[in-house]
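Here's the letter readout for the chains.
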Amino acid sequence: MELNGEQLIAAPIPDVWRGLNDIDVLAKSIPGCEEISRISPEEIHAKVMFKIGPVRARFAGKLLLSDVIPDQSCSMAFEGSGGAAGFAKGRSKVELKVVEGGTLISYTTEASIGGKLGQIGGRLISASAKKIADDFFQRFAKELGGEVVQQESDAQAE
């Protein structure tokens, strides 16, 4: 599955970057987040409750940051397990750019999904992933004291 998109957040890059690296902001922004902790500057662990189609599961996962260029970009590798519900793992790249009205966040994500989740149709998985991403950015913008100015994402299952 691929998920790509851009979000215009009505806040300057330093505020957006700080928010993306603040686990308190992330805890309030990630839909279904029950717990999040920073293990090291490059590693974050989280527990998240997701409902995707008929499958509802609590995922425990970790996120490893790499290629970090403050206020510009970073890469992430992630993996999570939801027990019998399945697993997800993949990579994502996030870039920030100054634009009129705030900060444009561009992201590309490639993920593989297995278990019960892997048996759900690709369209349902893609639609759920897009909704989770859109919800994240709405909450994130609110945490920064603003709104998402523009939402544009494209999810494709492969």
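Up top you'll find the structure we're talking about.
Scope of this entry: the structure provided in the associated data block. (Residues numbered from 1 in each chain as written. Predicted model: local features only at pLDDT ≥ 70, side-chain atom pairs only at ≥ 80, totals over all residues. Heavy atoms only, no water.)

1. Comments concerning the overall build of the protein chain
Argument step 1. When helices and strands are counted, the protein chain shows 4 helices and 8 strands.
Argument step 2. For the protein chain, the sequential pattern of α-helices and β-strands runs β-α-α-β-β-β-β-β-β-α-α-β.
Argument step 3. Over its C-alpha trace the protein chain gives a radius of gyration of 15 Å, about what one expects of a compact globule, namely 15 Å for 158 residues.
Argument step 4. The buried share of the protein chain, taken over its 158 residues, is 40%. (Helix = DSSP H or I, 4+ residues; strand = E, 2+ residues; numbered from the N terminus. Rg over C-alpha atoms; globule rule 2.2 N^0.38 Å. Buried < 20%, exposed > 50% of the residue type's maximum accessible area, 1.4 Å probe, protein only.)

2. Points about the pattern of salt bridges
It is possible for side chains bearing opposite charge to pair when their charged atoms get close.
Argument step 1. All told, the structure shown has 4 salt bridges when counted by the stated rule.
Argument step 2. As a salt-bridge pair, Asp15 and Arg18 come within 2.6 Å of each other at their nearest N and O atoms. Here the residue Asp15 and the residue Arg18 both occupy positions in helix H1 (residues 13-20), the gap between them amounting to 3 residues, near one helical turn.
Argument step 3. Here Glu34 and Arg58 are joined by a salt bridge, their closest N and O atoms 2.5 Å apart. Separated by 24 residues along the polypeptide, Glu34 in strand S2 (residues 33-40) and Arg58 in strand S4 (residues 55-69) bring together distant segments of the chain. (Salt bridge = Lys/Arg side-chain N within 4 Å of Asp/Glu carboxyl O.)

3. Some thoughts on the nonpolar core
Argument step 1. In this structure, Ile9, Val16, Leu96, Ile105 and Phe140 are the most contacted members of the largest nonpolar core, which totals 36 residues.
Argument step 2. Considering each element in turn, this core owes the most residues, 7 residues, to helix H4 (residues 122-143).
Argument step 3. With residues near it in sequence (within four places) discarded, Ile105 still touches Gly5, Glu6, Gln7, Ile9, Val16, Val94, Glu95, Leu96, Phe137 and Phe140. (Core = buried A, V, L, I, M, F, W, Y, C linked by side-chain atoms within 4.5 Å. Contact = heavy atoms within 4.5 Å.)

4. Details of H4
Argument step 1. For H4, with 22 residues, the first-to-last C-alpha span of 31 Å sits near the 32 Å given by 1.5 Å per residue.
Argument step 2. Among the residues of H4, those classed as buried are Ile125, Ser126, Ser128, Ala129, Ala133, Asp134, Phe136, Phe137, Phe140 and Ala141.
Argument step 3. Once H4 finishes, Gly145 follows within two positions and takes phi at roughly 90 degrees, a positive value. (Expected span 1.5 Å × (residues − 1).)

5. Observations regarding the packing of aromatic side chains
Argument step 1. Within this structure, the stated rule accounts for 4 aromatic pairs.
Argument step 2. An angle of 25 degrees between the planes, with centres 5.5 Å apart, marks the rings of Tyr107 and Phe137 as stacked. You can see Tyr107 sitting in strand S7 (residues 102-114) and its partner Phe137 sitting in helix H4, a full 30 residues away along the chain.
Argument step 3. Taking the relative accessible area as the measure of exposure, Phe137 reaches 7% and is therefore buried.
Argument step 4. Look at Phe136 and Phe137: their rings are 5.1 Å apart centre to centre, the planes differ by 80 degrees, and that puts the pair in the edge-to-face class. (Phe/Tyr/Trp six-rings, centres within 6.5 Å; stacked < 30°, edge-to-face > 60°.)

6. Quick word on unusual backbone geometry
Argument step 1. Phi at Asp67 takes a positive value of approximately 50 degrees, unusual for a residue other than glycine.
Argument step 2. Relative to the elements of secondary structure, Asp67 occurs in strand S4.
Argument step 3. Unusually for a residue other than glycine, Asp71 sits at a positive phi of about 65 degrees.

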